[in-house]
Amino acid sequence: MTIIRIVAVALSALVTTPVASASASPARAVAPYVPCPAVKPPVPPPAAPSPPPVGPADRAVGGQSLATAGLSIPAGAPAAPAVTATSWVVADLDSGTVLGGCGPHEHRTPASVQKMLLAAALMPHLDPKQVVEVTRADLQDLDPASSVMGLVPGGRYSIESLWLGLLLRSGNDAANVLARVGGGAAGRQGGVRAMNEEAHRLGANQTHAATPSGLDGPGQYTSAYDLALIARAAYARADFRRYAATRVAEIPAEPGRPGFAITHDNTLLDHYPGTLGGKTGFTDLARQTYVGVAERDGRRLAVTLLGAETAPLGSLGEAAALLNWGFALSPDASVGRLVTPDEKKPDRPVAQVRAEQHGQARTGRSMSWLIILGSGAAGALAVLLLAVPWRRRAARAAAKP
């Protein structure tokens, strides 16, 4: 019994001995905050709800230098232009290099630049020659003052005409029809669901669509970085590039309805050399938004900006200034990159990394305890196994005359 008590005391001492916990890996650092060069608009914008915060994991997508709500430009680069836009990104569309940005991952309201996500999601799946009929439900919830292509209930239009109306005239009516047709049995909401699935596939973590047109909807946000991802996906398609560069399109006449022409509302096509196309947007909540692409000396740069004001330059003037700044940089200048859908993303969510580290630490500590307890139990067993024969031999020796 004495030996058993000794073993019990030894095991108790092992169990109660404190064990040093494994230290967790340090969290990813956030880039130093540098205020973005800004121009104060002559008329203050109306108050808007505060956007949701961005988690540290999403801030780090594309590189640590982009993990900031402020300015991110290459070391030694010339000063970025001062603009009213609250966030922006300039990126190389071909290499995926991000040349600079202001609050690149911050949640902002998209307005009609959201239509580019509709195109990226549904253009690969809709036959441009298919003719579809417009229903009253497609048009009944549209503000008459909003931008429309000019569709009428009962009218029959090709999918190609609808894409042209969407991208040239920012047609909210065209967006509703395309989303309904592309959404299949789920209708318009199915089209919106496809938009969110496409955003997820592209790694556009700050993007959530509530409407196909970009008209304000609950919880609808995007970011300047996400828009660059979406633009890269859209401009990879030859049909999208053709639509985006079209200046005037003729919509064919139908029996009892005359044909009509639509013109592009992106004036940079005729005023900024090398412009390949772009998409404007505006709502009272979003203010002015813009996504555009221009080519110079074999480089295709995309500019995305959100939250701009009409004065002093407006979104198009600010986009031109940012493009000029980007083209002036060396081709190897970089603060990050545009992630691709098929890559094994090194920028895993920090929360996930921390959870894994925490789990590994707990597992490591548990394994340490198991090893210690296992060693203690093995030692105790060895003592007992040795002790029992010894006591038996001692007892037999004592019994001999």
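In this text the structure is predicted, and so the values were computed from the model without any measurement.

What counts, and where the lines are drawn
- Residues numbered from 1 in each chain as written.
- Predicted model: local features only at pLDDT ≥ 70, side-chain atom pairs only at ≥ 80, totals over all residues.
- Heavy atoms only, no water.
- Helix = DSSP H or I, 4+ residues; strand = E, 2+ residues; numbered from the N terminus.
- Contact = heavy atoms within 4.5 Å.
- Areas by Shrake-Rupley, 256 points an atom, 1.4 Å probe, with all protein chains shown as cover.
- 1 Å grid on protein atoms, 1.4 Å probe; cavity = no way out; pocket = protein on both sides within 12 Å on 5 of 7 lines; lining within 4 Å.
- Points joined across faces, edges and corners; volume = space filled by probe spheres on them.
- Nonpolar A, V, L, I, M, F, W, Y, C, P; charged D, E, K, R; others polar.
- Phe/Tyr/Trp six-rings, centres within 6.5 Å; stacked < 30°, edge-to-face > 60°.
- Buried < 20%, exposed > 50% of the residue type's maximum accessible area, 1.4 Å probe, protein only.

A word on the overall build of the chain. Along its length, the chain carries 12 helices and 11 strands. Taking the intrachain contacts of the chain between residues at least 6 apart in sequence as the baseline, contacts between residues at least 24 apart amount to 70%. Total accessible area on the chain is roughly 19200 Å²; 60% of this is exposed by carbon and sulfur atoms.

This part is about the layout of surface pockets. Over the atoms, a rolled probe matching the size of one water molecule traces out where space is still vacant. Of the volumes computed, that of the largest pocket is approximately 460 Å³. Taken together, 23 residues form the lining of the largest pocket, with Ala48, Pro49, Arg108, Thr109 and Leu285 sitting closest to its centre. In terms of residue class, the lining of the largest pocket is built from 10 nonpolar, 9 polar and 4 charged. Considered as a void within the structure, the second largest pocket measures approximately 220 Å³ in volume.

For the structure shown, the criterion picks out 2 aromatic pairs. With 5.8 Å between their ring centres and 80 degrees between their planes, Trp88 and Trp325 make a pair best called edge-to-face. Taken together, the positions of Trp88 in strand β2 (residues 87-92) and Trp325 in helix α11 (residues 314-328) put the pair 237 residues apart, joining distant regions of the chain. With respect to burial, Trp88 and Trp325 carry one shared label: buried. With centroids separated by 5.1 Å and ring planes inclined at 75 degrees, the aromatic side chains of Tyr235 and Phe240 adopt a geometry described as edge-to-face. Its relative accessible area of 3% is what places Phe240 among the buried residues.

Everything listed here is a matter of coordinates, which is why it stays silent on function.
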